[in-house]
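Remarks on the overall topology
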Amino acid sequence: AEAILKLVPAVRPPNYLALVLERLDRRSRLAKGFQDRTVECEPLKEAELRRAAAGFLAQRGVDASSEAVEQILAVSGGSLDTLENTCEGLSLLAEKGARLTAEQVIQAFGAAPGFDPFRLCDLITAGKAAEACLMAARAPVEPGEIPRLVGLLARHLRILQLVRFY
């Protein structure tokens, strides 16, 4: 703790010091050393995720039943990014003026069972953006995987362009 406290005065924007602690006793020297320079982050509660899902859908002009929202939450696994991507994909599938149902959510996710980079390429090149978004939202992609996926998409596109010339 003493070594960290010695670093604090030297850290000035645009640089920041990030500490990830499960707990911090407010009476400790470390807590007092940081005073008002802390940002506390906690996982979102279920009610907050539910409100976020409703908000994401409303922004996209989609009305959903409470059962559909529950199914969306189950699919997103508690991740806010995945939740937003899921809502984006579902908004592409939703019919104008119709209410999104739990069955439609289940059907949409049944159309994209798990992540497969080759299937993702096929969906994108076939113009099936909604299914591609749903698959990408559920993809457990590490940052190092992104260049490989981009390369795969580029290769796929080159092959399709060659096929069109013949």
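Note that the coordinates shown come from a computational prediction; the quantities given were computed from them, not determined experimentally. (Residues numbered from 1 in each chain as written. Predicted model: local features only at pLDDT ≥ 70, side-chain atom pairs only at ≥ 80, totals over all residues. Heavy atoms only, no water.)

Section: the environment of V69
Inspection of the secondary structure puts V69 in helix α4 (residues 66-76). By relative accessible area, which is 8% here, V69 ends up buried. Distance from V69 to L57, taken between C-alpha atoms, is 9.3 Å for residues twelve residues apart in sequence. Setting aside anything within four residues of it in sequence, one finds V69 in contact with R50, A53, L57 and A64. (Helix = DSSP H or I, 4+ residues; strand = E, 2+ residues; numbered from the N terminus. Buried < 20%, exposed > 50% of the residue type's maximum accessible area, 1.4 Å probe, protein only. Contact = heavy atoms within 4.5 Å.)

A word on the pattern of salt bridges
Summed over the entire model, instances satisfying the criterion amount to five salt bridges. Between E70 and R50 there is a salt bridge, with its nearest N and O atoms 2.6 Å apart. Taken together, the residues span a long stretch of sequence, with E70 in helix α4 and R50 in helix α3 (residues 46-59) at a distance of 20 residues. Since its relative accessible area comes to 33%, E70 is described here as partly exposed. (Salt bridge = Lys/Arg side-chain N within 4 Å of Asp/Glu carboxyl O.)

Describing helix α7 (residues 117-125)
For α7, every residue scored as buried is listed here: P117, L120, C121 and L123. Seen end-on, α7 carries its buried residues on one side only, within an arc spanning 165 degrees. (Arc of directions from axis to C-beta.)

Let's talk about helix α5 (residues 80-93)
The terminal C-alpha atoms of α5 lie 20 Å apart, and with 14 residues this matches the ideal 20 Å at 1.5 Å per residue to within 8%. Every buried residue of α5 is accounted for by T82, L83, T86, C87, G89, L90 and S91. (Expected span 1.5 Å × (residues − 1).)

A look at the packing of α3 against α4
Pairs of packed helices are described in terms of their axes, by the angle between the two and the distance that separates them. Viewed as axis vectors pointing N to C, α3 and α4 meet at an angle of 110 degrees, and their least axial separation amounts to 10 Å. Comparing the axis directions of α3 and α4 gives the class roughly perpendicular. Note on packing geometry: the crossing formed by α3 with α4 is right-handed. Of the residues in α4, those in contact with E46, L49, R50, A53 and L57 of α3 are V69, E70, I72 and L73. (Axes fitted to C-alpha atoms, helices over the stretch in contact; angles between N-to-C directions. Parallel < 35°, antiparallel > 145°, perpendicular 65-115°, else oblique. Left-handed = near helix turned anticlockwise from the far one by under 90°.)

Some words on the side chain of S91
Topologically, S91 is positioned in helix α5. On the basis of relative accessible area, S91 is assigned to the buried category, the value being 16%. In this view, S91 contacts R60 and V62; residues no more than four positions away in its chain are not counted.

From the geometry alone we can't say anything about function, so treat these as descriptive.
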